[in-house]
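Each chain, letter by letter, is given below.
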Amino acid sequence: MKKFALIGAAGYIAPRHMHAIKDTGNQLVSAYDINDSVGIIDSISPQSEFFTEFERFQEHAFRLKRNPQTALDYVAVCSPNYLHHSHITAGLRLGCDVICEKPLVPTPAILDDLALVEQETGKRAYNILQLRHHQAILNLKDKVAREASEHKYDVELTYITSRGKWYMESWKGDPRKSFGVATNIGVHFYDMLHFIFGKLQRNIVHFTSEHKAAGYLEYEKARVRWFLSIDANDLPDSVKGKKPTYRSITVNGEEMEFSEGFSDLHTTSYREILAGRGYGIEDARHCVETVNTIRSAAVVSTQNDEGHPFLNSLKR
C-alpha cells in the first residue's frame, strides 16, 4: 500500500484523485488546501490529516519522511495551474514521485526545470493525460495506424463547457493563473490529437478572448479545425437549454462517439503510473509546446477552409 498526500484538496478535480487513490488500494495520509470545504474526505479517507497552511503540511511531510514506515510515496497535485511547478518541485524534494493534473506546467522552459529537479531528487513527475486511456481514442489511434492513409484526415474539434459568472471571479478566469481558455480546458485535447495524429506541423490562432478561442492545427496525419468555449451562448440550438456541455469530434465528417467512458479515467491513469507506465515530462512536452504557442501567437484571418464553422457566428 502506497502512502499519498494531496495538494489542492478543495478543488473540482480533487475527488477524482481521492477516489483513484482509494480504488487502487492505497492510502491518502494527508491533504492541503487554503480552503477548508473538504468534507468529501470523510467518505474516502477520514483518517487523513488536513492542513490549510502549506508550511504546516510540508513540515508534517518532512516528519513522516524520517521513518521509512511512515514516509510518503506520492504527492498528488490538484492546485491552480500557476502553482503546479512549485508544488511538483516541493513533492519531488520531499522524496516523493508526483502525479499532477493537466496542464503540467505552462512552458517548455519550466518543463526543462522540472527535468533538472527530477535528476536532483531521483524522483519522477507524472501528468494526468487521461484521454490517452479512453477506449474511443485508443480505437481511433489504432484505425489511423492501420489505414496508413496517404491523405491527411480532416478533423473538427468542438468543446463548449458552460461556466457561470463565478468562473471569471475565480483563479480560472485570471490568465496569469489559468493561462487562458485554450490551456485550461484544451490542453488534454491537444495531447489527444498529437497522440493519434503525430507531430504538429502548423499552429494558427483565428480567435481568442477570455471566454473562447479557435484555430487550426496541422499534424502529420490530420488537419484540425478547433473551437473551445466556456460561453453558454455558443451551444448549438440542439443542446441549448438541455445540456451545459457540448463535445464533438468529427473525423472525415464522421462523428466520433465520445460521450461516455470518462468516469474512471483518473483511476486508470493511477493504475498505469503505479505499474510503471505513467506519462512523464517528455510525454507532456508536445501539448505544453502547443498551448504555449497558442498563447503567444498573433490572431490571423482564416484562409481556405481552415476556419472552424463556429467562427462565422462570432464575426456577425
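Calculation notes
- Throughout this description, residue numbers start from 1 for each chain and increase along the sequence as written.
- Predicted model: local features are reported for residues with pLDDT of at least 70 only, side-chain atom pairs are reported and counted for 80 or more only, and whole-chain, interface and lining totals are derived from all residues.
- Think of the side-chain values as coming from all heavy atoms in the structure, minus any hydrogens and water.
- In this scheme, strands are said to pair when DSSP sees at least two bridges between them.
- Going along the chain from the N terminus, every DSSP run of H or I of four or more residues is numbered as a helix, and every run of E of two or more is numbered as a strand.
- Axes here refer to lines fitted to C-alpha atoms; in helices the fit is confined to the stretch in contact. Angles between the N-to-C directions go from 0 to 180 degrees.
- It only takes one pair of heavy atoms within 4.5 Å for two residues to be counted as in contact.
- Any carboxyl oxygen of Asp or Glu that lies within 4 Å of a side-chain nitrogen of Lys or Arg is treated as forming a salt bridge with it.
- In these notes, a set of buried Ala, Val, Leu, Ile, Met, Phe, Trp, Tyr and Cys residues joined through side-chain atoms within 4.5 Å is what counts as a nonpolar core.
- Between buried and exposed lies partly exposed: a residue is buried under 20% and exposed over 50% of the maximum accessible area for its type, with that area taken using a 1.4 Å probe on protein chains only.
- To pair, rings of Phe, Tyr and Trp, with the six-membered ring standing in for Trp, must have centres within 6.5 Å; the planes then decide the type, stacked if under 30 degrees apart, edge-to-face if over 60, and tilted in the middle.
- Comment: the charge-over-ring label is applied if NZ (Lys) or CZ (Arg) is within 6 Å of the ring centre and within 35 degrees of the ring normal.

- Under an unreviewed UniProt entry, the name given to the protein is Gfo/Idh/MocA family oxidoreductase, and the source organism is Pseudomonas cavernae.

**A few points about the sheet that holds strand β6 (residues 125-127)**
Point 1. Spatial ordering of the open sheet is given by β3-β2-β1-β4-β5-β6, a layout of 6 strands whose pairing is parallel. In the strand order of this sheet, the two ends are held by β3 (49-51) and β6, each with one partner. Ignoring which end each strand starts from, the neighbouring axes of this sheet average 20° apart.
Point 2. Looking at chain direction, strand β1 (residues 3-7) and strand β2 (residues 27-32) are connected through 5 bridges and run parallel. Across the sheet, Ile7 pairs through a bridge with Tyr32, a residue of β2.
Point 3. Packing of helix α4 (residues 84-93) onto the sheet brings it into contact with β1, β4 (74-77), β5 (97-100) and β6, and relative to β5 it is tilted by some 155°.

**Regarding the sheet that holds strand β9 (residues 212-219)**
Point 1. Sheet architecture is open: 6 strands sit in the order β8-β9-β10-β7-β11-β12, paired in mixed fashion. The sheet terminates laterally at β8 (200-208) and β12 (254-255), the two strands that pair on one side only.
Point 2. Inspection of the sheet shows β8 paired to β9 by 7 bridges, in the antiparallel sense. Bridged to Arg202 within β9 is Glu218.
Point 3. With respect to the sheet, helix α9 (residues 181-197) is in contact with β7 (153-161), β9, β10 (222-229) and β11 (245-251), its orientation differing from that of β10 by roughly 160°.
Point 4. Helix α11 (residues 281-296) rests against β8, β9 and β10 of the sheet, and its axis sits at about 40° to β8.

**Let's talk about the pattern of salt bridges**
Once the charged atoms of two side chains with opposite charge are near each other, the side chains can pair.
Point 1. In the structure shown here, the tally under the stated rule is 17 salt bridges.
Point 2. The residue Arg202 makes a salt bridge to Glu218 at a minimum N-O spacing of 3.7 Å. You can see Arg202 sitting in strand β8 and its partner Glu218 sitting in strand β9, a full 16 residues away along the chain.
Point 3. Among the ionic contacts, a cluster of salt bridges with common partners joins Lys152, Arg202, Glu218 and Glu306.

**With respect to the nonpolar core**
Point 1. In terms of nonpolar packing, the biggest core is built from 38 residues, with Val155, Tyr190, Met192, Leu193, Ile196, Phe197 and Trp226 touching the most fellow members.
Point 2. Mapped by element, the contributors of at least two residues to this core are α6 (135-147), β7, α9, β9, β10, β11 and α11.
Point 3. Per-element accounting of this core gives the leading share, 11 residues, to α9.
Point 4. Those residues in contact with Leu193 that lie beyond four places of it in its chain are Val155, Leu157, Gly198, Leu217, Tyr219 and Val224.
Point 5. By size, the runner-up hydrophobic cluster in this structure holds 28 residues, among which are Ala90, Leu104, Ala125 and Ala284.

**Concerning the pairing of β11**
Point 1. The pairing of β7 with β11 spans 7 bridges and is classified as antiparallel. Following the sheet pairing, Tyr159 is matched in β11 by Arg247.
Point 2. Here β11 folds back onto β12, and the loop between the two strands holds 2 residues, one of which, Asn252, carries a positive phi near 55°.

**Here we look at unusual backbone geometry**
Point 1. Cis geometry marks the peptide bond from Lys102 to Pro103, where omega comes out at -10°.
Point 2. With a phi angle near 55°, Asn252 is a residue other than glycine that sits in the positive phi range.
Point 3. Within the secondary structure, Asn252 sits in the loop between β11 and β12.
Point 4. Asn252 sits in the partly exposed class, given a relative accessible area of 49%.

**A look at the packing of aromatic side chains**
Point 1. Counted according to the given criterion, the structure contains 11 aromatic pairs.
Point 2. On the numbers, 5.5 Å between centres and 80° between planes, the contact of Tyr190 with Trp226 is edge-to-face. Highlighted residues: Tyr190 in helix α9 and Trp226 in strand β10, separated in sequence by 36 residues. One exposure class covers both Tyr190 and Trp226, and it is buried.
Point 3. In textbook terms, an aromatic cluster arises when at least three aromatic residues are bridged by ring pairs, as seen for Tyr32, Phe51, Phe54 and Phe57.
Point 4. Geometry around Phe195 places Lys141 over its ring, the cationic atom sitting 4.5 Å from the centre.

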